[in-house]
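Below, each chain spelled out in residue letters.
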Amino acid sequence: MSGWLVVAGLGPGAEHLVTPEVSAALAEATDVAGYIPYVARVAERAGLTLHASDNRVEVERATHALEMAAEGRRVVVVSSGDPGVFAMASALFEALEARPEWQALDIRILPGITAMLAAAAAAGAPLGHDFCAINLSDNLKPWALIEKRLRLAAEADLAMAFYNPRSKSRPEGFVRALELLREACGPDRLVTFARAVSTPEQHLRTVTLAEATPEMADMRTVVILGNSATRRVGRWVYTPRSAG
Ligand code: SAH
């Protein structure tokens, strides 16, 4: 049987948010590779080998997955959320650039529900008008570029979703991001902290930028900042579809 490689998004956490095509690929796989907590979400079964690795070795993981597919294995590389959002799909294509002989392999990217969309749905509709998504980790880009993007997004009055807002190894960045946003957007702008969305630990809270503190976010939180029109209605928060 000829091998294939699927890069799949497992969604934000809940089993019922895994798409049927991702479940079908996992059911046919001989090998699953990914970051340790994501591989832990895949049920073990006879004939399936799990390859869990650390989160700093994405291109190595992708190269290994391509090698296995080239040998005839059926490989699923798993990401949380959507694999194209700050995740494994780009790492796969980086690996493929370095090894053109693998470009003829049967490769498919299967979408998943990304954290900001699951969080927005739980909160109401804070991304109901134009928005952008920014990764606040400076592992792969300089902090100055993050600040520039935050300033310009604020100037454009975009709602913003922040991934990887704050980790133990870089606690300072989110402090600076909040300061910059408070200055650029004013103290009354609404911001939603959505933690562990769709899991039993899900916790959402919406506050103003004046009330927001860095400790409200961790690595299991996606942060959604509204635009200038974002407002509360009942227990929800939403952004109107029209500007101005
Ligand atoms: N590919 C993933 C994002 C990977 S980056 C996706 O599309 O969702 C990891 C970051 O995603 C986390 O630091 C957090 O900001 C966010 N995230 C992932 N799952 C989440 C969840 N269930 N609830 C809240 N945020 C989540």
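These numbers were taken from a predicted model, which means no experiment stands behind them. (Residues numbered from 1 in each chain as written. Predicted model: local features only at pLDDT ≥ 70, side-chain atom pairs only at ≥ 80, totals over all residues. Heavy atoms only, no water.)

**Here we look at the UniProt feature "domain: Tetrapyrrole methylase" (unreviewed entry) in the chain**
Per the UniProt record, the feature "domain: Tetrapyrrole methylase" (unreviewed entry) sits at residues 5–212. Here residues 5–212 is 35% helix and 24% strand, with 42 Å between the C-alpha atoms at its ends. (UniProt positions renumbered as here; feature names shortened; annotations may be inferred. Helix = DSSP H or I, 4+ residues; strand = E, 2+ residues; numbered from the N terminus.)

**A closer look at the domain arrangement of the chain**
On domain assignment, one finds that the chain holds domain 1 (4–113) and domain 2 (116–238). Once you take the C-alpha centre of each, domain 1 and domain 2 turn out to be 28 Å apart. Tallying the contact residues gives eight residues for domain 1 and 10 residues for domain 2. Between domain 1 and domain 2, a total of about 630 Å² is buried, with carbon and sulfur atoms accounting for 66% of that surface. Together, Pro12, Arg56 and Phe86 form the three largest contributors to the area buried by domain 1 at its contact with domain 2, with a combined 63%. (Domains from an automatic or database assignment. Contact = heavy atoms within 4.5 Å. Buried area = accessible area lost by both parts, 1.4 Å probe.)

**Concerning the pattern of salt bridges**
Between side chains of opposite charge, a pair can form when the charged atoms approach closely. Within this structure, the stated rule accounts for six salt bridges. Across the pair Asp31 and Arg73 runs a salt bridge whose closest N-O atoms are separated by 2.4 Å. Taken together, the residues span a long stretch of sequence, with Asp31 in strand S2 (residues 31–35) and Arg73 in the loop between helix H3 (58–70) and strand S4 (74–79) at a distance of 42 residues. Take Arg73: its relative accessible area is 32%, and that puts it in the partly exposed class. Across the pair Asp157 and Arg189 runs a salt bridge, and its minimum N-O distance is 3.9 Å. Here Asp157 is found in the loop between helix H6 (143–155) and strand S8 (159–163), whereas its partner Arg189 is found in the loop between helix H7 (172–185) and strand S9 (190–195), with 32 residues between them in sequence. (Salt bridge = Lys/Arg side-chain N within 4 Å of Asp/Glu carboxyl O. Buried < 20%, exposed > 50% of the residue type's maximum accessible area, 1.4 Å probe, protein only.)

**Here we look at the site of the ligand**
Lining the immediate surroundings of the ligand are 19 residues, of which Asp82, Val85, Thr114, Met219 and Thr221 lie closest. Here Asp82 contributes a backbone N or O atom positioned 2.8 Å from an oxygen atom of the ligand. A distance of 3.0 Å separates an oxygen atom of the ligand from a polar side-chain atom of Asn164. Starting from 550 Å² of accessible surface for the ligand in isolation, the protein chains cover 92%. Among the residues forming the shell around the ligand, the class breakdown is 12 nonpolar, five polar and two charged. When residues of the shell around the ligand are sorted by domain, at least three fall in each of domain 1 (4–113) and domain 2 (116–238). (Near = heavy atom within 4 Å. Polar contact = N/O pair within 3.5 Å; in protein donor to acceptor, adjacent residues only side chain to side chain. Areas by Shrake-Rupley, 256 points an atom, 1.4 Å probe, with all protein chains shown as cover. Nonpolar A, V, L, I, M, F, W, Y, C, P; charged D, E, K, R; others polar.)

**Observations regarding the sheet that holds strand S5 (residues 107–110)**
One open sheet holds the five strands; their spatial order is S3-S2-S4-S1-S5, and the pairing between them is parallel. Both outer strands of the open sheet, strand S3 (49–53) and S5, are each paired with one neighbouring strand and no more. Across the sheet, the mean angle from the axis of one strand to that of its neighbour is 15°, orientation sign disregarded. Alignment of strand S1 (residues 4–9) against S5, held across four bridges, turns out to be parallel. Looking at S5, one finds that Ala8 is bridged to Leu110. (Pairing = 2+ DSSP bridges. Axes fitted to C-alpha atoms, helices over the stretch in contact; angles between N-to-C directions.)

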